[in-house]
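Examination of the molecular architecture
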Amino acid sequence: MTSYKELGLVNTREMFAKAVAGGYAIPAFNFNTMEQMQAIVQAAVECKSPVIMQVSKGARAYANGTILRYMAQGAVEYAKELGCENPQIVLHLDHGDSFEICKECIDNGFSSVMIDGSHLPYEENIALTKKVVDYAHAHDVTVEAELGVLAGVEDEVSSAVSHYTKPEEVVDFSTRSGCDSLAISIGTSHGAYKFTREQCTLDPQTGKLVPPPLAFDILAEIEKQLPGFPIVLHGSSSVPQDEVDTINKFGGQLPDAVGIPEEQLRKASESAVCKINIDSDSRLAMTAAIRKHFAENPGHFDPRQYLKPARENMKKMYIHKIMNVLGSNDKL
Ligand SMILES: [Zn+2]
């Protein structure tokens, strides 16, 4: 048994309360590699931002959960070495799909877990979430739950269609399950292909796809039902078109990749939305930098030569999100 407190990590309770009150959102960046971890920590320290480092099932399969835990511990020490006296870093399990996996993470140093019972019938979602909450709270670990289903594909999580969260269920669900935050479905979507061509309109100027707007009316109704309660948005990458263009220019094939416009995420950040999940944008930033580097330097074969610009490009993206979209800078 290793408590996250021994590792210098924090849970989300105080962080979310401040974010809701302050009208900003905490970045939740997925990580799988050392370069991603370094870029996240550098960006958070330079911007003086709290940060959630999250681990998906796919990340655990790729990198090994134990290694990722030690990387998060390393992230805290690295932040201090970079001059941050009191780093506010959460190690979060993204899309936990069973009580057992949540318990394993809590027992091994995670400070926050998500139990995703959104595919279950309503009462079963409550029962599973409550079971995780009871165990987690006994260890001062915070729990994110989900109501409503997001469309899209992300690691092991996929659904062909989305079902918006029903505002009339949120009070009953959060009260009976005891969750600390609630992921809702208002039109965000997992992956780099969030919408089909048919769901989008076409910008006549650029020829690019314009995605449908988020359901801010549902968000407003949820806030009315649960004033001040921390709300989470998954699937909130913007799929920056300059990165997509770079990838395609240097041999990639990502036609019609489209994300959530940043203006909409900025608007959401100012509401009770206090955690915004971003994964695909980091993948795109890394891939764009590597493709460009290989095209321009065909003789390079030392991974450090192409992972360094990849890390720089991810860091630039993380800083942009913190400063210009989520507003979590200067909060430490
Ligand atoms: Zn998600």
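Predicted, not measured: the structure shown is a model, and the values here were computed from it.

About the cut-offs
- Residues numbered from 1 in each chain as written.
- Predicted model: local features only at pLDDT ≥ 70, side-chain atom pairs only at ≥ 80, totals over all residues.
- Helix = DSSP H or I, 4+ residues; strand = E, 2+ residues; numbered from the N terminus.
- Rg over C-alpha atoms; globule rule 2.2 N^0.38 Å.
- Buried ≥ 20, exposed ≤ 12 C-beta atoms within 10 Å, placed from the backbone.
- Pairing = 2+ DSSP bridges.
- Axes fitted to C-alpha atoms, helices over the stretch in contact; angles between N-to-C directions.
- Right-handed = clockwise from strand over helix to strand, strands pointing away.
- Left-handed = near helix turned anticlockwise from the far one by under 90°.
- Contact = placed C-beta atoms within 7 Å.
- Nonpolar A, V, L, I, M, F, W, Y, C, P; charged D, E, K, R; others polar.
- Core = buried A, V, L, I, M, F, W, Y, C linked by C-beta atoms within 7 Å.
- Arc of directions from axis to C-beta.

1. A word on the overall build of the protein chain
- What the protein chain contains, in helices and strands, is 12 helices and 13 strands.
- For the protein chain, the C-alpha radius of gyration of 19 Å lies close to 20 Å, the compact-globule estimate for 332 residues.
- Taken over the C-alpha atoms alone, the protein chain extends approximately 60 × 45 × 35 Å along its principal axes.
- When the 332 residues of the protein chain are sorted by exposure, 49% land in the buried category.

2. Considerations on the sheet that holds strand E5 (residues 142–147)
- As summarised here, the arrangement of the 8 strands in space is E1-E2-E3-E4-E5-E8-E12-E13, forming a closed barrel in which the pairing is parallel. Each strand of the sheet is rotated relative to its neighbour by a mean of 25°, with strand direction disregarded.
- Pairing geometry for strand E12 (residues 231–233) and strand E13 (residues 273–278), over 3 bridges, is parallel. Among the inter-strand pairings, isoleucine 231 is bridged to a residue of E13, identified as valine 273.

3. Some thoughts on the pairing of strand E3 (residues 89–96)
- The element E3 is largely enclosed, with a buried count of 8 among its 8 residues.
- Bridge analysis of strand E2 (residues 51–55) against E3 gives 5 bridges, and the strand direction is parallel. Within the sheet, the bridge partner assigned to valine 51 lies in E3 and is isoleucine 89.
- One ladder, built from 3 bridges, connects E3 with strand E4 (residues 112–115); its direction is parallel. Its bridge partner being in E4, histidine 92 is matched across the sheet by serine 112.
- Assessed by its sense of winding, the connection that carries the chain from E3 through helix H5 (residues 99–107) to E4 is right-handed.

4. As for unusual backbone geometry
- For lysine 48, which is not a glycine, the phi torsion comes out positive at approximately 50°.
- Relative to the assigned elements, lysine 48 resides in the loop between helix H2 (34–47) and E2.
- Classification of lysine 48 by C-beta neighbours within 10 Å gives partly exposed; the count is 14.

5. A short note on the packing of helix H9 (residues 241–249) against helix H11 (residues 280–296)
- Remark: H9 packs on H11, axes separated minimally by 8 Å, with the N-to-C direction vectors making an angle of 35°. In this structure, H9 crosses over H11, and the sense of that crossing is left-handed. Contact residues: H9 offers Glu243, Val244, Thr246 and Ile247, while H11 offers Leu284, Ala285, Thr287, Ala288, Arg291 and Lys292.
- Taken together, the residues of the contact of H9 with H11 break down into 5 nonpolar, 2 polar and 3 charged.

6. What about the nonpolar core?
- By size, the foremost hydrophobic cluster in this structure holds 90 residues, and its most contacted members are Ile40, Met53 and Val113.
- Look past the residues within four positions of isoleucine 40 in its chain and what remains in contact with it is Phe29, Phe31, Val51, Met53 and Tyr318.

7. Topic: the environment of alanine 145
- Looking at the element boundaries, alanine 145 is found in strand E5.
- On a C-alpha basis, the gap between alanine 145 and serine 237 in space is 20 Å, while along the polypeptide they are 92 residues apart.
- For alanine 145, the contacting residues outside a window of four places in its chain are Ile115, Gly117, Thr129, Ser177, Cys179, Leu182 and Ala183.

8. A few points about the environment of alanine 127
- By the secondary structure assignment, alanine 127 is in helix H6 (residues 122–138).
- Alanine 127 sits in the partly exposed class, given 14 other C-beta atoms within 10 Å.
- Separated by 10 residues in the primary sequence, alanine 127 and glycine 117 place their C-alpha atoms 9.2 Å from one another.

9. Observations regarding helix H10 (residues 262–269)
- Residues of H10 that are buried: Gln264, Leu265, Ala268 and Ser269. The arc enclosing the buried residues of H10, seen along the axis, measures out at 140°, which places them on a common side.
- Residues of H10 that are buried sit in contact with helix H8 (216–225), E12, E13 and helix H12 (303–326).

10. So, the pairing of E4
- Every second residue of E4 is oriented toward a common face, with Ser112 and Met114 on one face and Val113 and Ile115 on the other, all of them buried.
- Sheet topology note: the E4/E5 ladder contains 4 bridges and is parallel. Bridge pairing in E5 links methionine 114 to glutamate 144.
- Each parallel crossover has a hand, and for E4 linked through H6 to E5 it is right-handed.

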